[in-house]
Amino acid sequence: MKQAARTARPEPLGAGAPTPAPDIPGQQPVDAVEAVDAVEAVETVDTVETVDAVETVETVGTVRTVEPTVRPARRVLPDPHDRSAARDLFVELRKLPDGSAERAELRDSLVRMHLPLVEHLARRFRNRGEPLDDLTQVATIGLIKSVDRFDPERGVEFSTYATPTVVGEIKRHFRDKGWAVRVPRRLQELRLSLSTATAELSQQHGRAPTVHELAQRLNISEEDVLEGLESANAYSTLSLDVPDTDDESPAVADTLGAEDDALEGVEYRESLKPLLEQLPPREKKILLLRFFGNMTQSQIAQEVGISQMHVSRLLARTLAQLREKLLVEE
């Protein structure tokens, strides 16, 4: 019967029935229901893994496809010698509203464009006691003011308009910050006038001008000329610790004289000389022996031939007379 069952032709399956798995030599037959469950489990696992993989790819793709912030490209600066291009930029600057980012960017571009003019004007004032970097910064401030105030409709080139403003800013810096000692503005302006007049008169006469000639040239008094010349010494100072000529020479402070303690007595000695000449010979001799000979009253009494009491009275009376006459003369 088993052999007949094996050779019997299988009946056709109905619609929707699962197809039996083919016999594989050496493998045990598998139930149809268990086979279907296994296939569905595998498909479920594959589906879950596929979804996770898709989500991972989408996440990575999102990170990689973040669009970076697009910054506007910096404006290409034209040649500063191209006056037409610079004029067009100033016209465009006048049309932009105040406070806009585009106006600020265009303003900065115009400032950078004309920085060579600033450096050229700053170099004209170097070697005058101020660092070149400080002068360049001050001149840049003048350039910024010129950019803000320039009107291209007036028909003037920007360099022609900006040069007096920048130079004026540098001169104002020298006037306000260059002086070592603060002096009134009147004296500062007088010093500049004296410098100009001195140069002109020196070239005209071939020698240094006198105070009278400077006063006539500037229509001021000689006292004002002297005051202006004296105030010029306050422009720059010299440290007392700096060597006089070279590194091996002594410092300036070492060459200055010290206060003499005996200087105060010179005036009193010179004032006493005529008063001592007016004294009687005996009183004069007693004073000389006492204060210049360093003798005691007893020694003076023996030298003069009088008593010590008498020497004491003569000294007291003579000193009182000299003191009174000194106070009357003062």
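Residues numbered from 1 in each chain as written. Predicted model: local features only at pLDDT ≥ 70, side-chain atom pairs only at ≥ 80, totals over all residues. Heavy atoms only, no water.

Draft legend 1. Examining the environment of Glu222 more closely. Within the fold, Glu222 resides in helix α10 (residues 222-231). Taking C-alpha positions, Glu222 is 6.2 Å from Val211, a pair spaced 11 residues apart along the chain. When neighbours within four sequence positions are excluded, Glu222 is seen to be in contact with Val211, His212 and Ala215. (Helix = DSSP H or I, 4+ residues; strand = E, 2+ residues; numbered from the N terminus. Contact = heavy atoms within 4.5 Å.)

Draft legend 2. Spatial organisation of the pattern of salt bridges. Scanning the entire structure with this criterion turns up 13 salt bridges. Where Arg185 meets Glu189, a salt bridge forms, and the shortest distance between an N and an O atom there is 3.2 Å. Of the two residues, Arg185 and Glu189 both sit in helix α8 (residues 185-205), 4 residues apart, roughly one turn of that helix. Of the residues examined, Glu189 reaches a relative accessible area of 42% and is grouped as partly exposed. In this structure, Glu227 engages Arg186 in a salt bridge whose closest nitrogen and oxygen atoms are separated by 3.4 Å. A residue pair is termed long-range when its members are at least 10 positions apart, and Glu227 in helix α10 and Arg186 in helix α8 qualify at 41 residues. Judged by relative accessible area, which is 47%, Arg186 ranks as partly exposed. A network of salt bridges, in which partner residues are shared, links Lys145, Glu169 and Arg172. (Salt bridge = Lys/Arg side-chain N within 4 Å of Asp/Glu carboxyl O. Buried < 20%, exposed > 50% of the residue type's maximum accessible area, 1.4 Å probe, protein only.)

Draft legend 3. Spatial organisation of the environment of Thr163. Along the polypeptide, Thr163 turns up in helix α7 (residues 158-177). In this structure, the C-alpha to C-alpha distance between Thr163 and Ser146, residues 17 residues apart in sequence, is 8.8 Å. Those residues in contact with Thr163 that lie beyond four places of it in its chain are Leu117 and Leu121.

Draft legend 4. Representation of the nonpolar core in the model. If you look at the biggest cluster of nonpolar residues, it comprises 29 residues, and the most contacted ones within it are Phe90, Leu110, Leu143, Val147, Phe158 and Ile170. Secondary-structure elements contributing two or more residues to this core are α3 (83-95), α4 (101-113), α5 (115-123), α6 (132-149) and α7. The leading source of residues in this core is α7, at 6 residues. Once residues within four sequence positions are removed from consideration, Leu143 is found in contact with Val111, His114, Leu115, Val118, Phe158 and Val166. Grouped together as the second largest cluster of nonpolar side chains are 13 residues, Met295, Leu314, Leu315 and Leu322 included. (Core = buried A, V, L, I, M, F, W, Y, C linked by side-chain atoms within 4.5 Å.)

Draft legend 5. Quick look at the packing of aromatic side chains. Under the definition given, this model contains 5 aromatic pairs. Relative to Phe150, the ring of Phe90 has its centre 4.8 Å away and its plane inclined at 65°; by these criteria the two rings are edge-to-face. With Phe90 in helix α3 and Phe150 in the loop between α6 and α7, this pair connects stretches of sequence that are 60 residues apart. Grouping residues by exposure puts Phe90 and Phe150 together as buried. With a centroid separation of 6.2 Å and an interplanar angle of 35°, the aromatic rings of Phe125 and Phe174 are classed as tilted. Note that Phe125 is positioned in the loop between α5 and α6 and Phe174 in helix α7, a separation of 49 residues in sequence. Here the two residues Phe125 and Phe174 agree in accessibility, since each one is buried. Linked through ring pairs, Phe90, Phe150, Phe158 and Tyr161 together constitute an aromatic cluster. Residue placement shows Arg290 over the ring face of Phe291; its charged tip is 5.8 Å from the ring centre. (Phe/Tyr/Trp six-rings, centres within 6.5 Å; stacked < 30°, edge-to-face > 60°. Lys NZ or Arg CZ within 6 Å of the ring centre and 35° of its normal.)

Draft legend 6. Seen up close, the packing of helix α13 (residues 281-292) against helix α14 (residues 297-304). Interaxial distance between α13 and α14 falls to 10 Å at its minimum, and their mutual angle equals 140°. Looking at the two axes, α13 sits oblique to α14. Regarding α13 and α14, the two cross each other, and that crossing is right-handed. Here α13 contributes Arg282, Lys285, Ile286, Leu289 and Arg290 to the contact with α14, which in turn contributes Ile300, Glu303 and Val304. Partitioning the contact of α13 with α14 into residue classes produces 4 nonpolar, no polar and 4 charged. (Axes fitted to C-alpha atoms, helices over the stretch in contact; angles between N-to-C directions. Parallel < 35°, antiparallel > 145°, perpendicular 65-115°, else oblique. Left-handed = near helix turned anticlockwise from the far one by under 90°. Nonpolar A, V, L, I, M, F, W, Y, C, P; charged D, E, K, R; others polar.)

Draft legend 7. Inspection of the side chain of His173 at higher detail. Turning to its location among the elements, His173 is positioned in helix α7. Look at His173 and you get buried, because its relative accessible area is 15%. A polar side-chain atom of His173 sits 3.3 Å from a polar atom in the side chain of Glu130. (Polar contact = N/O pair within 3.5 Å; in protein donor to acceptor, adjacent residues only side chain to side chain.)

Draft legend 8. Just the side chain of Gln188, in detail. Structurally, Gln188 is set in helix α8. In contact with Gln188, other than residues within four places in its own chain, are Arg175, Trp179, Arg182 and Val183.

Draft legend 9. Summary view of α6. Given a rise of 1.5 Å per residue, 18 residues ought to cover 26 Å, and the 26 Å separating the end C-alpha atoms of α6 matches this to within 8%. Regarding α6, the residues found buried are Leu135, Val138, Ala139, Thr140, Gly142, Leu143, Ser146 and Val147. (Expected span 1.5 Å × (residues − 1).)

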